[in-house]
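Secondary and tertiary structure notes
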Amino acid sequence: MNADSRTRLNQMPEWTALAKHREELGEVRLRDLFAADPGRGSGYTLEVGDLYVDFSKHLVTDETLRLLRELAAARDVFGLRDAMFRGEKINTTEKRAVLHTALRAPGDAVIEVDGENVVPKVHAVLDKMSAFADRVRSGEWTGHTGKRIKNVVNVGIGGSDLGPAMAYEALRAYTDRDLTVRFVSNVDGADLHEAVRDLDAAETLFIIASKTFTTIETITNATSARAWLLGELKAGQEAVARHFVALSTNAPKVEEFGIDTANMFEFWDWVGGRYSYDSAIGLSLMIAIGPDRFREMLDGFRTVDEHFRSAPAEANVPLLLGLLGIWYDNFHDAQSHAVLPYSHYLSRFTAYLQQLDMESNGKSVDRDGKEVDWQTGPVVWGTPGTNGQHAYYQLLHQGTKLIPADFIGFAEPVAELAPGLAAQHDLLMANFFAQTQALAFGKTPDEVRAEGVPEELVPHKTFKGNRPTTTILARELTPSVLGQLVALYEHKVFVQGAIWNIDSFDQWGVELGKVLAKRVEPALTEGAEVPGLDESTKTLVAKYRELRGR
Ligand code: F6P
C-alpha cells in the first residue's frame, strides 16, 4: 500500500475537488449535455475486447471524468492493481495473494506466490479437468454399475455455486444437450430433493464444490446426496468413487468425506470463492460446454485482464465503470446499482454479481481497521429485461431514487434459435435501446401537453429523465464474451475497493451468522437451553418448536 492509503479518503484534495465540482454542476441535465456536444453519443464510448461501452448517458462532463481519474491516481489504484497481478498479499486481513487473474494466465507466464510460480499448477489442473470432462462427455467415465453419466449435480454454495450456475445458464446454447446439469446450494432439503427426484442415480455424478470443504450447507447436502446415491444403488461406500468428485483447496477434508483425492480438482487460497468459477470450481461448466469452450471463456477473461493492466486511465473500461460508481455512490448518495441484461441466458448474471460486488465491497472499516465515513458498495440488483420493465422499471423511471443501471445487450440472438424466435430479437433490443433513452431524456410536461393529455394528468405522465445508464453491447453472447463481462465486473469491483481503501477480498461479515446458527440448532432440535439467547429469538424458537409439535 502506498502512503496515500493512510490519508482519509474524504480528506484528500481530489475528493474535495469532486465534492465542489458536484455542487457546481448542480442538477446537470442529460438533454443539455447532449445539446452542448452533438458528438457525445459517439465520443463517450470505449471498447474492450468485444464489448462496446457507451457511457454518454451519465451525469458527467469531461471535467467530472478528469477529477475522478485524479482521485484514482491519488489512491494509486493502478499501483494496487499491479500488486494484485504480481501476486502480492493484498488481501491483508487474511494475508493472502489475490490471483484470480493467474487462473487465465497463459502457460508461459510467471506469477509467483511465496517464491513459487503458480502458473504451471493452474495449467496442470486445467489439463486434469479437461481430461476428466472429456471422459464424462464421451461416456468413457461410467458410474458404479457401468452406466454412462447423463446427469451432473454440482453441490456448492456462494462462489462454489453462483459462478458455474450463472455461466451454465449463460452458455446453455453451447452445452451438450444430452447432459442434465443441476446446481444444489440451499441447505433446505427441498433443493436437493428437486434436483435428484427424477434422476437415475446410476447415471448421476455429484461434484462437491467447496473451497474450504467445511461449509455446513455443502457438507450437509453432500452427505445427503451420498446417502441418496448409495440407497438408490443399494451399494456400499465403494460406489462413491465413481459418483463423487471434489473441487477444493482442502485435501484432508475431501479424504475424510470419503472422496478419493485422485478425483479432487484443486485450487488455492489465493483464489477467492467469488472469483473462482474459472478455477476447478468451473468443472460442471466445463463438462457441460467442453474444455475448448471453457478455454475460450478463459481467453475472454484474459482479454479484459490485459486491458485493465495496460490501458491508460482515459481508455480503461473497468476503471471508468468503477469511477462512475464512485460518482453516484459518494457524490449523489445513490444506494443501489441495477444490472439489467437483455438476454434470457444471463438470467443469473446479476445474482452472481451480487456476491461478487456485495461480498467484496460491503465493508465499513478500511484497510487500517478504521470506520469509514464514506459510503462503500451499493446494493446490486436486477433481472433480465424485458421482464423487469413490467415489474420495477416504474420506480426507475418515476421513483424518487437515483439508481444507476447497466444495460447489457447483444446484436445477435444465439445461433440455435429457430428463425421465428430469432426474429423476436429486434423487439427485445428495441426495448433495450428505448429504455436507456427514456431513462436519460424523459418527457417534459410540455411534450406531454402537446400530446393532448389533460392538465391534471400531466405530472403523472411526465418523465424527468436524467437517470444514468451504461450500455454494454456485444455482437453475441459467446464463452469469450461471458469471460470478458465477468472480468470487467471483477476489476470494476477492485477499482472501487481500492478507492474506498477496503479489503475487497475478505468476508468476515458472513461469520457471525454461521456461528449463531450452530449455537441455535440444538435449541430447535433438542430444546436445549442456549446461553445468551436474546428474548425475541428465544420466543421465536419456542414458537417454532410448538408449531413442529415438539
Ligand atoms: O460464507 C461465505 C463464503 O465463504 C463465500 O465467500 C464462499 O464463496 C462460500 O461461503 C462457499 O465457501 P466454500 O467454497 O468454502 O464452501
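The structure this text deals with has already been given above.
Now for a description of the structure that goes with this document. (Residues numbered from 1 in each chain as written. Predicted model: local features only at pLDDT ≥ 70, side-chain atom pairs only at ≥ 80, totals over all residues. Heavy atoms only, no water.)

For the rest of this paragraph, the subject is the overall build of the protein. Looking only at helices and strands, one finds 23 helices and 13 strands in the protein. Along the longest, intermediate and shortest principal axes, the C-alpha atoms of the protein span 75 × 60 × 60 Å. Looking at the protein as a whole, 53% of its 550 residues qualify as buried. In the protein, once contacts between residues fewer than 6 apart in sequence are set aside, the share between residues at least 24 apart is 74%. Put simply, the protein shows about 23,400 Å² of open surface, and 52% of that area lies on carbon and sulfur atoms. The distance from the centre of the 58 positive side-chain charges to the centre of the 77 negative ones in the protein is 3 Å. (Helix = DSSP H or I, 4+ residues; strand = E, 2+ residues; numbered from the N terminus. Buried < 20%, exposed > 50% of the residue type's maximum accessible area, 1.4 Å probe, protein only. Contact = heavy atoms within 4.5 Å. Areas by Shrake-Rupley, 256 points an atom, 1.4 Å probe, with all protein chains shown as cover. Lys, Arg positive; Asp, Glu negative; His and termini not counted. Charge placed at Lys NZ, Arg CZ, Asp CG, Glu CD.)

Within the largest apolar cluster, 129 residues are counted, with the highest numbers of intra-cluster contacts made by Trp270, Tyr277, Ile287, Phe349 and Leu482. If you tally residues by element for this core, the top one is helix H21 (residues 479-500), at 13 residues. Ignoring any residue separated from it by four or fewer positions in sequence, one finds Leu482 in contact with Met166, Ala167, Ala170, Leu171, Tyr277, Met297, Leu346, Phe349 and Leu477. Listed in part, the 27 residues of the second largest apolar core include Phe206, Trp228, Val240 and Phe244. (Core = buried A, V, L, I, M, F, W, Y, C linked by side-chain atoms within 4.5 Å.)

Within the structure, the ligand sits among 14 residues, and Ser160, Ser210, Thr212, Thr215 and Glu359 are positioned closest to it. Measuring from an oxygen atom of the ligand, one finds a side-chain N or O atom of Glu359 at 2.7 Å. Residue Lys514 places a side-chain N or O atom 3.1 Å away from an oxygen atom belonging to the ligand. Against a free-state accessible area of 390 Å², the protein chains account for coverage of 88% of the ligand. (Near = heavy atom within 4 Å. Polar contact = N/O pair within 3.5 Å; in protein donor to acceptor, adjacent residues only side chain to side chain.)

Spatial strand order, S6-S5-S7-S8-S9: 5 strands in an open sheet with parallel pairing. Taken across any chain shown, the strands that pair with only one partner, and hence form the sheet edges, are strand S6 (180-184) and strand S9 (264-266). Geometrically, the sheet is characterised by an average inter-axis angle of 20 degrees between neighbouring strands, direction not taken into account. Sheet topology note: the strand S5 (residues 151-155)/strand S7 (residues 204-209) ladder contains 5 bridges and is parallel. Following the sheet pairing, Val153 is matched in S7 by Phe206. Strands in contact with helix H6 (residues 119-138) are S7, strand S8 (244-248) and S9; relative to S9, the strand with the most contacts, it is inclined by about 145 degrees. Set on the sheet, helix H8 (residues 189-196) makes contact with S6 and S7; between it and S6 the angle comes to about 175 degrees. (Pairing = 2+ DSSP bridges. Axes fitted to C-alpha atoms, helices over the stretch in contact; angles between N-to-C directions.)

It is worth stressing that arrangement in space is one thing and function is another; only the former is reported here.
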